[in-house]
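Chain by chain, the residues run as shown.
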Amino acid sequence: MPDVDKNQLGRWQAVLEAQTGINLNQHEHILRKGLNPWLQGMSDDEAELTLARSESQPWQGLGGLVDHLAVKETRFYRNPAAYRILAQYVQRRLQDSQQARLLLDMWSAGCSTGEEAYTMAMTASELIQSAEQRAYFGVIGSDISSAAVKSARQGSYHVRRLQSLPDTLRQRYLVSDDNLNYRIESQLASRVCFVQSNLLDARATPKSAMDVIFCQNVLVYFRGWRQKQVLNNLVQRLKPGGILLIGASEGRGWQHPDLIRMPGDDVQVFERRRDGNQ
Ligand SMILES: C[S@@+](CC[C@H](N)C(=O)[O-])C[C@H]1O[C@@H](n2cnc3c(N)ncnc32)[C@H](O)[C@@H]1O
């Protein structure tokens, strides 16, 4: 492992931040820990070359480094307040649609290993089934980390990772492989898909407009101005009348002329105006 000096460390931090938004300026030890396996076995010259190449490459070139450095902590039903808001929204849409067929497109932006996207799907599925209405929903989960996306697609979780999920949902939407590992049952899984995608890229997947966007515990690692930049891009992906949910401490002070701030504890909720710019 080459000796990464202060100057190189600063350059690595700058590359990481410019390409992913993740700011580890105050977390030198995390950056060093992530760089260790990345630079393992390289001479000083090779490490310098890798750094110089990364500085001029698109973000995909940082693949393994991002997998090591991105904080991927997540869990099913992580923030119950967010799912209560989602349930209210789905209920309202079901009531409004009456005889018409309801279509709901949802996005978990920065989905990590998939728990958030699957919980969104479970929440919608529960309400749609009990309403016995003609309705269809799809959830797309996106994340910059290819390792996270791979794991999300597998949809297989150790029993320990299901602790936050209410028993009824666990019984309905997960099947046990061997009493220790559970996987998302196939019907729910068929409504959820995952893509590797960078939130800094305004034109990245998903391209279609969404009814619901969750972007929680992602922007907290970005600088304030960049949080606002990403949020402004997310607004462009929201259908009129659609809702955007972000963490309670993210995007502090952010406002957008096309959005109305809705009441919400432990989560910030915004609804896109029906008469705004599109
Ligand atoms: C702490 S997890 C949050 C997971 C989930 N949203 C939740 O609240 O439980 C943050 C995720 O954001 C992803 N992420 C960080 N920067 C990103 C970017 N520029 N584009 C897309 N995903 C990003 C990380 O890879 C990580 O999986």
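Residues numbered from 1 in each chain as written. Predicted model: local features only at pLDDT ≥ 70, side-chain atom pairs only at ≥ 80, totals over all residues.

**Details of the overall build of the protein chain**
Across its full length, the protein chain holds 10 helices and 10 strands. For 278 residues, the compact-globule estimate of 2.2 N^0.38 gives 19 Å, and the C-alpha radius of gyration of the protein chain, at 20 Å, lies within 12% of that figure. Within the span of the protein chain, comprising 278 residues, buried residues form 37% of the whole. Summarising the internal contacts of the protein chain: among those between residues at least 6 apart in sequence, 73% fall at separations of at least 24. (Helix = DSSP H or I, 4+ residues; strand = E, 2+ residues; numbered from the N terminus. Rg over C-alpha atoms; globule rule 2.2 N^0.38 Å. Buried ≥ 20, exposed ≤ 12 C-beta atoms within 10 Å, placed from the backbone. Contact = placed C-beta atoms within 7 Å.)

**Brief notes about the site of the ligand**
With respect to spatial proximity, 23 residues lie near the ligand, and among them A70, T74, G110, S112 and L199 are the closest. Its residues placed into classes, the shell around the ligand shows nine nonpolar, nine polar and five charged. Each of two domains, domain 1 (6–69) and domain 2 (80–272), supplies a minimum of three residues to the shell around the ligand. (Near = placed C-beta within 6 Å. Nonpolar A, V, L, I, M, F, W, Y, C, P; charged D, E, K, R; others polar. Domains from an automatic or database assignment.)

**Describing the domain arrangement of the protein chain**
Partitioning the protein chain into domains gives domain 1 (6–69) and domain 2 (80–272). For domain 1 and domain 2, the distance between their C-alpha centroids amounts to 30 Å. Among the elements that make up the side of domain 1 that touches domain 2, the one with the highest residue count is helix α4 (residues 63–69) (three residues).

**Quick word on the sheet that holds strand β3 (residues 156–158)**
Judged by pairing direction, the sheet is antiparallel, and its three strands sit side by side in the order β3-β5-β4 without closing on themselves. Of all strands in the sheet, those with a lone pairing partner are β3 and β4 (174–176), marking the two edges. For this sheet, the mean angle separating the axes of adjacent strands, direction not counted, is 35°. As judged from the three bridges shared by β3 and strand β5 (residues 181–184), these two strands associate in the antiparallel manner. Its bridge partner being in β5, H158 is matched across the sheet by N181. (Pairing = 2+ DSSP bridges. Axes fitted to C-alpha atoms, helices over the stretch in contact; angles between N-to-C directions.)

**Regarding the sheet that holds strand β7 (residues 210–215)**
Sheet architecture is open: seven strands sit in the order β6-β2-β1-β7-β8-β10-β9, paired in mixed fashion. Strand pairing shows two members of the sheet lacking a second neighbour, β6 (192–196) and β9 (259–262), which therefore form its edges. Across this sheet, the average inter-strand angle for adjacent strands is 20°, counted without regard to direction. When strand β8 (residues 238–247) meets strand β10 (residues 267–272), the two strands line up antiparallel, connected through five bridges. Looking at β10, one finds that L245 is bridged to V269. Set on the sheet, helix α6 (residues 115–131) makes contact with β1 (102–109), β2 (135–143), β6 and β7; between it and β2 the angle comes to about 170°.

**Topic: helix α2 (residues 28–39)**
Taking 1.5 Å per residue as the helical rise, α2 with its 12 residues ought to reach 16 Å, and the 16 Å between its terminal C-alpha atoms agrees with that figure. Residues of α2 that are buried make contact with α1 (6–20), α3 (44–56) and α4. Where α2 ends, the next residue or the one after it, G41, has phi of about 80°, a positive value. (Expected span 1.5 Å × (residues − 1).)

**Description of the environment of Q57**
In this structure, Q57 sits in the loop between α3 and α4. On a C-alpha basis, the gap between Q57 and V15 in space is 9.5 Å, while along the polypeptide they are 42 residues apart.

**Regarding α6**
For α6, built from 17 residues, the straight-helix expectation of 24 Å at 1.5 Å per residue is met to within 8% by its first-to-last C-alpha distance of 24 Å. Along α6, 12 of the 17 residues are buried, which leaves the element largely enclosed by surrounding structure. Among all positions in α6, only E115, E116, A117, Y118, T119, M120, A121, M122, T123, A124, S125 and L127 are buried.

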